[in-house]
Every structure is written in structure tokens, then in C-alpha cells.
Amino acid sequence: MKICFVVSTYPRNEQDPAVPWLREYLRRLKDRGYDVRVFAPAFLGSPHHEIDGIPVHRFRYFAAGKEDLTHDAGAPTKIRRPGYLLLAIFYILCGAFGLARLHRRERFDAIHVHWPFPHGLFGILATRLLPTRLVLSFHGAELLLARKFSFVNPVLRYCLRHADSVTCNSSYTASHIRALGTGTTVDVLPYGSPLPQRTPVHHHRPEKTILFVGRLIERKGVEYLLRAMPQVTQRIDASLVIVGNGPLLPELRDRAAELGIAHCVEFRTDVPEDELMTAYEESDIFVLPAIVDSRGDTEGLGVVLIEALSFHRPVVASAVGGITDVVLHNKTGLLVPEKNPDALADAIVEVLSDPTRAQKLAEQGYAHVSETFDWDRIMDRAELLYPTVTTSRMPETSRHPSRVDNSAGLGVAKDTL
């Protein structure tokens, strides 16, 4: 069975850390015998290529030096700048017709669209020209655009009504799809950790290591973790390791110096996978101080929390977005209010000062992610998205779950919207 994945961003080379969870999903689908292809925008004129033996078709949408709408900061951030809205128009037109041409040549059995605005339009045009199954997966960024630009809402409703299956990454994202009011059935299908499993490492050191992993952007809330550190270091012997890169790196370095904590904060950028796994193993606690940022964006799920728990590490996180699907307060970790350095410091100290409780939270968290975010179970459920009989040979009524009973579903958490 041949499936085309339509995405806004995908690793540009084997070392690119972009969307590791999606890369792992496609790799596992390929291992199950599916013929997997990726349709993604070019970045600064980048050509077609392969990653993990999967062909990546890069569509061109402007002059090479201007093709930077996606990747790095991402389109939802960039379109606030002058000129990027015009670039987005070319992106939509070139992407839609590019996918239609590719589908006509390859004749896919299914087209799986991620981030349905604007990519759902690509899929609808392709399936209108040559009928096949259309799957939409929401991750939250498209819903942020819907809150920012009113014209996005009718486009998303149109896409939902023409999809054969709809999935999202968390119950939080599902609640925002519900607000669109289309009556579509959506399946909550999360992702697991993209890192391989290792035997847990236990250590007992006087100094405790606090770990953060993620892009250094506003919604990650690293500013508030830095502001919590002076309170933490006054009460326990601890240091902070920040793994990641992004536009806020210089500002965060300066902030650590201003707070007088530069000596106990280490920034690590461009960390390869082996070093990342070592960072998890050497940490005593993982913290994700995510916030709802100035644009209304927040964490759709928080895959780094799944990574940390898979390494048997206790976690502290903000109670925002899809994080609450991963961190169950006082069971799989501690949740604190967003943008609250005092509460963040208290929770960190609470866990690090009580090794017995820290271990219990870590083990309960590991059990939770092993069951809920296990890759084998996720892939078993995901395969139900791709029936072996293509939709071109299916009755018309069976191609639109928004119009018929879909109680069989994927066997996962489900919301009828």
C-alpha cells in the first residue's frame, strides 16, 4: 500500500532534529511493509532526497533564496512579518498543484495530511482529481492560525467535512477541533518517544541536575525556569542543563547572567541523539515550564515529557495544552500553574528533596507512557487509518466518517465533534 504524507516540515538530512516523532512514525510504518512517501516544501531550494530509505519530494514555491516559510521558527511565527503572507499564497498554490501532479503520477492509496491548514486543501484537490483515502492529523498550529485569522476557520471546516479520517495529538487539540462544530469524529492518536529505550541508570550525587530539552522559543517558558533557579539553588545544591537551540538563546544566556545563575546553568546546542540520551540519564528531574505564549500558542502534547518518563525520570511541567495527557498531577509527575516561578521552584525542590517520592513518580510515569504512548500499540491503531481497499472502490457514504457512524474507530480516546 502506497501512502503519501503531506507535511510542512520534515528533516532536511539525517542529522536534522526536526519532528523526530513523525520521522519515527514513518520509519515504523515503512518497517510494517507500507510504501511511504513524503511531500514537503523545499527549504532554500533544497532538492528531493531520501531519509531512512523514504523518498522525500520537495516542492518549490518561490525563488530559492526566499523559500524559508517553513522549518526553524515555522510559518505561524513568520507570517506575522511583512511579505510572508504573500509567500504563503505561492506556497498554497504550488503545494496544491504539486501534490495533484505527484498523485496523478504515483496513484497513492492514501494521502495523510499533517497540519491541515493549508495542507488539507492540497489533499482535497488531489483526491478530487483521482479519488483516494484522505486522512487529516491536527497538531495545534493550524488551530492557532484559526484563532489569529478568521478566514482559516471555514477552510478547516471544509477540510474536516471532506476527510475520511481525522486524528489529533491530544485531548487538548481535540477540544479546539470541537469548537469548529462540524460534527466530525476525531481520534486522539498520540506519538511515542523517538529515542530508543535504554536500561534506566540510577545515581546518587550531592548536586542535583535539572534538565530541559526543547526549542528555545517563547511557548517553552524557559524564562520562567531561569527565574525559578535562584530559589531552587538557595534551598538545594542543583544545576540546570538546557538542551536546545532557537531564536531566544542569546536572550536566555543574558537572562541567566542577570539573575546571577550563569555559573549553574549550562546551554547545550545541536546535541546529537547519543548525547541527548546521556543528558536524560544524567538528570535527576526533567522540567517543561511551557506557557500559552503571546500568540495564544502552547504545547500540543509535549513529547519531551514522554522521552523523560521513558528514561524513568520524574517530571515537573506546566498545566497547559496537551501536557495534561502525559502528566497526571501527583501520579506521573507534578503540574504547576504557567508563568509562576515560585510554584515551579517549590515543585522542583519538593521532588529533589524526597528521593522516595521522586522514584515513585518516575516509575508511575514510566508505566503510564509505556501503556499510553507505546509505539507498537500506536502503530497497531494507526494501521486502521489505511484500509487495504482504496476509497476509489468504496461506496461514497463510507468515505466520510463525519456523515456516518464511526464507532469502530481506532480503539483510542475519541471525541465526536
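Everything below is about the structure printed above this text.
Residues numbered from 1 in each chain as written. Predicted model: local features only at pLDDT ≥ 70, side-chain atom pairs only at ≥ 80, totals over all residues. Heavy atoms only, no water.

Caption draft 1: Structural view of the overall build of the protein chain. When helices and strands are counted, the protein chain shows 15 helices and 15 strands. The C-alpha atoms of the protein chain give a radius of gyration of 22 Å, which matches the 22 Å a tight globule of 417 residues would have. Its C-alpha atoms put the protein chain at 65 × 45 × 40 Å along the principal axes. Burial analysis of the protein chain (417 residues in total) assigns 57% to the buried set. (Helix = DSSP H or I, 4+ residues; strand = E, 2+ residues; numbered from the N terminus. Rg over C-alpha atoms; globule rule 2.2 N^0.38 Å. Buried < 20%, exposed > 50% of the residue type's maximum accessible area, 1.4 Å probe, protein only.)

Caption draft 2: Quick peek at the environment of Thr269. Note that Thr269 resides in the loop between strand 11 (265-268) and helix 10 (273-282). Residue classification places Thr269 among the partly exposed positions, given a relative accessible area of 29%. Sequence separation between Thr269 and His162 is 107 residues; the distance between their C-alpha atoms is 42 Å.

Caption draft 3: Fine view of the side chain of Arg58. With respect to the element layout, Arg58 can be found in strand 4 (residues 54-59). Salt bridges are absent for the buried Arg58, whose nearest opposite-charge side chain, Asp16, sits at 6.1 Å. Among the polar contacts made by the side chain of Arg58, one reaches the side chain of His49 at a distance of 3.1 Å. The residues contacting Arg58, other than those within four sequence positions of it, are Tyr10, Pro11, Arg12, Ala40, Pro41, Ala42, Ser46, Pro47, His48, His49 and His71. (Lys, Arg positive; Asp, Glu negative; His and termini not counted. Salt bridge = Lys/Arg side-chain N within 4 Å of Asp/Glu carboxyl O. Polar contact = N/O pair within 3.5 Å; in protein donor to acceptor, adjacent residues only side chain to side chain. Contact = heavy atoms within 4.5 Å.)

Caption draft 4: Highlighting the packing of helix 8 (residues 222-235) against helix 13 (residues 341-352). Packing of helix 8 against helix 13 leaves a shortest axis separation of 8 Å and a crossing angle of 50 degrees. The orientation of helix 8 relative to helix 13 falls into the category oblique. The handedness of the crossing between helix 8 and helix 13 comes out as right-handed. Note on element contacts: helix 13 touches helix 8 through Pro341, Asp342, Leu344, Ala345, Asp346, Ile348 and Val349, opposite Tyr224, Leu225, Arg227, Ala228, Gln231, Val232 and Arg235. Of the residues assigned to the contact of helix 8 with helix 13, the class counts are nine nonpolar, one polar and four charged. (Axes fitted to C-alpha atoms, helices over the stretch in contact; angles between N-to-C directions. Parallel < 35°, antiparallel > 145°, perpendicular 65-115°, else oblique. Left-handed = near helix turned anticlockwise from the far one by under 90°. Nonpolar A, V, L, I, M, F, W, Y, C, P; charged D, E, K, R; others polar.)

Caption draft 5: Representation of the packing of helix 1 (residues 20-31) against helix 15 (residues 375-382) within the structure. Their axes nearest at 11 Å, the elements helix 1 and helix 15 cross at an angle of 70 degrees. Taken together, the axis directions place helix 1 and helix 15 in an arrangement best described as roughly perpendicular. Crossing hand, helix 1 versus helix 15: right-handed. Contact with helix 1, carried on its side by Trp21, Glu24, Tyr25, Arg28 and Leu29, involves Trp375, Asp376, Met379 and Ala382 of helix 15 and no other residues of that element. Classifying every residue of the contact of helix 1 with helix 15 gives six nonpolar, no polar and three charged.

Caption draft 6: Structural context of the pairing of strand 6 (residues 133-138). With six of six residues buried, strand 6 is to be regarded as a mostly interior element. Burial along strand 6 is two-sided: the residues Arg133, Val135 and Ser137 and Leu134, Leu136 and Phe138 are all buried. By the bridge criterion, five bridges tie strand 5 (residues 110-114) to strand 6 in an arrangement that is parallel. Note on strand 6: the bridge partner recorded for Val113 is Leu136. In this fold, the crossover linking strand 5 to strand 6 by way of helix 4 (residues 116-129) has right-handed handedness. Of the strand pairs in this sheet, strand 6 and strand 7 (residues 165-168) are connected by four bridges, and their pairing is parallel. Bridge pairing links Phe138 to Cys168 in strand 7. (Pairing = 2+ DSSP bridges. Right-handed = clockwise from strand over helix to strand, strands pointing away.)

Caption draft 7: Broad picture of the packing of aromatic side chains. Considering all chains together, one arrives at 18 aromatic pairs under this definition. An angle of 55 degrees between the planes, with centres 6.0 Å apart, marks the rings of Phe59 and Tyr61 as tilted. Each member of the pair, Phe59 as well as Tyr61, is classed as buried. Centre to centre, the rings of Phe149 and Phe151 are 5.6 Å apart; their planes meet at 40 degrees, and the pair counts as tilted. Using a relative accessible area of 18% as the deciding quantity, one classes Phe149 as buried. On the basis of relative accessible area, Phe151 is assigned to the partly exposed category, the value being 46%. Pairwise contacts between aromatic rings join Phe5, Trp21, Tyr25, Tyr34, Trp115, Tyr191, Trp375 and Tyr386 into one cluster. Over the ring of Phe43 we find Arg12; its NZ or CZ atom is 4.6 Å from the centre of that ring. (Phe/Tyr/Trp six-rings, centres within 6.5 Å; stacked < 30°, edge-to-face > 60°. Lys NZ or Arg CZ within 6 Å of the ring centre and 35° of its normal.)

Caption draft 8: Highlighting a nonpolar patch on the surface. The grouping of Phe62, Leu86, Ile89, Phe90, Leu93 and Phe97 at the surface amounts to a nonpolar patch, some 570 Å² of accessible area in total. The residue Phe90 is located in helix 3 (residues 84-106) in this model. According to the relative accessible area criterion, Phe90 is partly exposed, its value standing at 35%. (Patch = residues over 30% accessible without salt bridge, like charges linked within 9 Å, V, L, I, M, F, W, Y side chains within 5 Å. Areas by Shrake-Rupley, 256 points an atom, 1.4 Å probe, with all protein chains shown as cover.)

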